[in-house]
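The chain contents come next:
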Amino acid sequence: MPKTAYQPSHASPVVRSRALFTIRLWSVRHSRGLEIIYKLLAKTFLKLHPFWSWVGYQRAEKPVVFIEKAVKGLLFDCRMCGQCVLSDTGMSCPMNCPKSLRNGPCGGVRANGNCEVEPDMPCVWVEAWKGSQNMQNGNQILKVQEPVNHSYRGSSSWLRVTAEDAARIEKEKMPTVATGDLH
């Protein structure tokens, strides 16, 4: 009998996926609490902007990615696309959709709410809708998301959003120059 190059581990991949899937569903059911935690985290990261600038966002990237990947991987089965939209999608990551659809379900959602590609899995977008109904800013699910920019893959969305928010705040603080005659 020929030997195969691949030897599966003792833990079945299906069991591991089922465990992550259970936690992912828990996250959707508790989307309101996770939304509050996310807002606090975003405020904390923004207050740490001077520190991130001092250290350098590039230098902070690797340790923050490590933490972000661990936390979001456990809670949301995160794919680290670098463009997190969990706060807009009821804490259900659209990158878990087998088709990677970011703006709603495909036309193949089964009558029971399951995915057409993976019939045993509830549609990511059905879960996203349920999660968004629990959230204070649940109407954000109606917002059209930008296409995935694959150059962000594997990077920290937490740091990128912090840098963008800090730049926006600085821009708002700058005095506006009146247009017209400057005599």
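Below is a short write-up of the structure. (Residues numbered from 1 in each chain as written. Predicted model: local features only at pLDDT ≥ 70, side-chain atom pairs only at ≥ 80, totals over all residues. Heavy atoms only, no water.)

Computed from the structure, the largest pocket encloses a volume of approximately 550 Å³. Forming the boundary of the largest pocket are 20 residues, of which Cys84, Asp88, Lys143, Arg160 and Val161 lie nearest the centre. In terms of residues, the lining of the largest pocket owes the most to one element, helix H6 (residues 157–173), which gives 6 residues. (1 Å grid on protein atoms, 1.4 Å probe; cavity = no way out; pocket = protein on both sides within 12 Å on 5 of 7 lines; lining within 4 Å. Points joined across faces, edges and corners; volume = space filled by probe spheres on them. Helix = DSSP H or I, 4+ residues; strand = E, 2+ residues; numbered from the N terminus.)

Attention now goes to empty space enclosed by the protein. A water-sized probe, rolled over the atoms, reveals where empty space remains. What the rule picks out here adds up to 4 cavities of 30 Å³ or more. Volume-wise, the largest cavity comes out at about 110 Å³. What lines the largest cavity is a set of 17 residues, among which Lys72, Cys78, Cys81, Cys84 and Cys93 lie closest to the centre. In terms of residue class, the lining of the largest cavity is made up of 9 nonpolar, 4 polar and 4 charged. (Nonpolar A, V, L, I, M, F, W, Y, C, P; charged D, E, K, R; others polar.)

Below, the discussion takes up the nonpolar core. Formed by Leu34, Leu75, Phe76, Cys81, Leu86, Met91, Cys93, Met95 and Met135, the largest nonpolar core amounts to 9 residues. Sequence-distant contacts of Met135, defined by excluding residues within four places in its chain, comprise Ser31, Arg32, Glu35, Ser87, Gly90 and Met91. Counting residues in hydrophobic clusters, the runner-up holds 8 residues, among them Phe45, Trp52, Val64 and Trp158. (Core = buried A, V, L, I, M, F, W, Y, C linked by side-chain atoms within 4.5 Å. Buried < 20%, exposed > 50% of the residue type's maximum accessible area, 1.4 Å probe, protein only. Contact = heavy atoms within 4.5 Å.)

Another point: the packing of aromatic side chains. All chains considered together, the criterion is met by 4 aromatic pairs. Here Phe51 and Trp54 contribute two aromatic rings whose centre-to-centre distance is 6.3 Å and whose plane-to-plane angle is 35 degrees, an arrangement assigned as tilted. Separated by 3 residues within a single helix, Phe51 and Trp54 lie in helix H3 (residues 49–55), roughly one turn from each other. Over the ring of Tyr152 we find Arg160, and its NZ or CZ is 4.5 Å from the ring centre. (Phe/Tyr/Trp six-rings, centres within 6.5 Å; stacked < 30°, edge-to-face > 60°. Lys NZ or Arg CZ within 6 Å of the ring centre and 35° of its normal.)

It is worth spelling out the pattern of salt bridges at this point. One pass over the structure, following the stated rule, counts 11 salt bridges. A salt bridge links Glu35 to Lys39; the nearest nitrogen and oxygen atoms lie 3.9 Å apart. Taken as a pair, Glu35 and Lys39 lie in helix H2 (residues 31–47) at a separation of 4 residues, close to a single helical turn. For Arg168, the salt bridge goes to Asp165, with nearest N and O atoms at 3.7 Å. Of this pair, Arg168 and Asp165 are both found in helix H6, 3 residues apart, which corresponds to roughly one turn of the helix. Relative accessible area serves as the criterion here: at 41%, Arg168 is assigned to the partly exposed category. (Salt bridge = Lys/Arg side-chain N within 4 Å of Asp/Glu carboxyl O.)

Structurally, Asn103 can be placed in the loop between helix H4 (57–76) and helix H5 (124–134). Along the primary structure Asn103 and Trp125 are separated by 22 residues, whereas in three dimensions their C-alpha atoms are 8.6 Å apart. Leave out the neighbours within four places in its chain, and Asn103 touches Trp125, Lys143, Val144 and Gln145. A distance of 2.5 Å separates a polar side-chain atom of Asn103 from the backbone nitrogen of Gln145. (Polar contact = N/O pair within 3.5 Å; in protein donor to acceptor, adjacent residues only side chain to side chain.)

To continue, consider the packing of H4 against H6. Where H4 meets H6, the axes come as close as 8 Å, and the angle between the chain directions of the two elements is 125 degrees. As judged from the angle between their axes, H4 and H6 are oblique. Of H6, the residues touching H4 (which contributes Tyr57, Ala60, Glu61, Val64, Ile67, Glu68, Val71 and Lys72) are Ser157, Trp158, Leu159, Thr162 and Ala163. Grouping the constituent residues of the contact of H4 with H6 by class yields 8 nonpolar, 2 polar and 3 charged. (Axes fitted to C-alpha atoms, helices over the stretch in contact; angles between N-to-C directions. Parallel < 35°, antiparallel > 145°, perpendicular 65-115°, else oblique.)

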